[in-house]
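Single-letter residue listing:
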Amino acid sequence: MPKPVLLLTRRLPEAIEVRAAHDYDARLNSGDEPWYQDGAEIARRAAEVGATGILCAAGDPMGAATIKALPDSVKIIATFSVGTDHIDIASAKARGITVANTPEVLSFATAECAFTLMLMAARRAGEGERMVRAGKWEGWAPTQLMGVTLEGKRLGIAGFGRIGRELAAMARGFRMEIHYRDLRRVPAELEQGATFHDDDRGFLSSIDILSMHMPGGDATRKWLNAERLSWMRKGALVINTGRGGSVDDAALVEALISGHIRAAGLDVYDGEPKVFPGYLGLENVALLPHLGSATIETRDAMGQRALGNVDAVLLRGMAAPDGVG
Ligand code: DGY
């Protein structure tokens, strides 16, 4: 029996590529060549090799046009990400193609990244690092680069899914007070004493730090706009490790310049890898290159999980455990 053909759009951790090549007729993107940026090219390659599965990644253009152009042989699109906003799930469903993601395994790493940004923004770590590297540090001074502590602050988590709840668990260790906003309240055992808010204004005006963990897409597009920023307390912090499109960048830059928002920490951007130019000259924003899940352990686990989904559909003729839509 020939092995099913699996097209991998991106370079993946070695153990994942080895497993893929062992279990499938795997077509790797060994040089991480940029054809994955072009949906028509992904579809062309899938047709050329007769792919039955596609293992893609966050940001690959798997929209309606790409999915329409895929050959009938494709049965599963397994994304190496928890986010699925780059995939038109309805179009895939209409063509009978399973879509699956990699939830759970990246929650801790992504929360860790949000916490890193929170500390960087609160303690002005990026500014300090730049000062030292630039040879501008003239020694300890009583008033130098004073930030704010996290201890006792009210942390507002927008999107209280697995990642948001991991962040809450970390924040409790810093003696922070946890508030959250989501479409609905979670059960008490998941809430762990966090305060639920059912309206944006009440939520945003109650907190000192906002950490965003919302899915991308139309429903959350530019959610953090000028009006919502104006509801936040003066001197609040904004952290985003969800999706860049959820922030109105011009409005956030204005709030950072005026000081209404003390500092921000961003890991995600609208139209990545483009970064809104207004951020680049500001000292009070920490910018990371979408590192949320980027630990060796997590990326391996994501790869195993993505292949587990492919295995279920292509090797066992079952539903993908992490099927979405
Ligand atoms: C995801 O999984 O959606 C992240 O954004 C990439 O790790």
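Because the structure is predicted, anything quoted here is derived from the model rather than measured. (Residues numbered from 1 in each chain as written. Predicted model: local features only at pLDDT ≥ 70, side-chain atom pairs only at ≥ 80, totals over all residues.)

1. Here's the deal with the site of the ligand
Next, step 1: All residues adjacent to the ligand are Ala58, Ser81, Val82, Gly83, Leu106, Gly292 and Ser293.
Next, step 2: Tallied by class, the residues present in the shell around the ligand amount to three nonpolar, four polar and no charged. (Near = placed C-beta within 6 Å. Nonpolar A, V, L, I, M, F, W, Y, C, P; charged D, E, K, R; others polar.)

2. A word on helix α5 (residues 107-123)
Residues spaced three or four apart along an α-helix point in a common direction, a consequence of the helix completing one turn every 3.6 residues.
Next, step 1: Under the 1.5 Å per step criterion, the end-to-end length of α5 is 24 Å for 17 residues, consistent within 8% with the ideal 24 Å.
Next, step 2: For α5, the buried fraction is high: 13 of the 17 residues fall into the buried class. (Helix = DSSP H or I, 4+ residues; strand = E, 2+ residues; numbered from the N terminus. Expected span 1.5 Å × (residues − 1). Buried ≥ 20, exposed ≤ 12 C-beta atoms within 10 Å, placed from the backbone.)

3. Observations regarding the sheet that holds strand β12 (residues 285-287)
Next, step 1: The strand order across the open sheet built from seven strands is β8-β7-β6-β9-β10-β11-β12, with neighbouring strands paired in parallel fashion. Either end of the sheet is taken by a strand with one partner, and the two such strands are β8 (195-197) and β12. The average angle at which neighbouring strand axes cross in this sheet is 15 degrees, direction not considered.
Next, step 2: The pairing of strand β10 (residues 236-240) with strand β11 (residues 261-266) spans five bridges and is parallel. Its bridge partner lying in β11, Leu237 is registered against Ala263. (Pairing = 2+ DSSP bridges. Axes fitted to C-alpha atoms, helices over the stretch in contact; angles between N-to-C directions.)

4. Observations concerning the confidence of the model for the protein
Next, step 1: Counting all residues, the mean pLDDT for the protein is 98, and 100% of those residues have values of 70 or more.
Next, step 2: Confidence metrics for the complex model read pTM 0.96 and ipTM 0.97. (pLDDT = per-residue confidence, 0-100.)

5. Notes on the packing of α5 against helix α7 (residues 162-173)
Next, step 1: Here α5 crosses α7 at 55 degrees, and the two axes come no closer than 8 Å. In terms of their interaxial angle, α5 and α7 are classed as oblique. Where α5 crosses over α7, the handedness of that crossing is right-handed. Across from Ser107, Phe108, Thr110, Ala111, Ala114 and Phe115 in α5, the residues of α7 making contact are Arg162, Ile163, Glu166, Leu167 and Met170. (Parallel < 35°, antiparallel > 145°, perpendicular 65-115°, else oblique. Left-handed = near helix turned anticlockwise from the far one by under 90°. Contact = placed C-beta atoms within 7 Å.)

6. Some words on the UniProt feature "domain: D-isomer specific 2-hydroxyacid dehydrogenase NAD-binding" (unreviewed entry) in the protein
Next, step 1: Using the residue numbers shown here, the UniProt feature "domain: D-isomer specific 2-hydroxyacid dehydrogenase NAD-binding" (unreviewed entry) corresponds to residues 115-292.
Next, step 2: Counting secondary structure, residues 115-292 comes out at 33% helix and 17% strand; the distance between its end C-alpha atoms is 10 Å. (UniProt positions renumbered as here; feature names shortened; annotations may be inferred.)

7. Some points on the domain arrangement of the protein
Next, step 1: Taken domain by domain, the protein holds domain 1 (5-105 + 296-324) and domain 2 (107-287).
Next, step 2: Inter-centroid distance (C-alpha atoms) of domain 1 to domain 2 is 31 Å.
Next, step 3: At the interface, six residues of domain 1 touch eight residues of domain 2.
Next, step 4: Here the side of domain 1 that touches domain 2 is built from residues that sort into one nonpolar, three polar and two charged. (Domains from an automatic or database assignment.)

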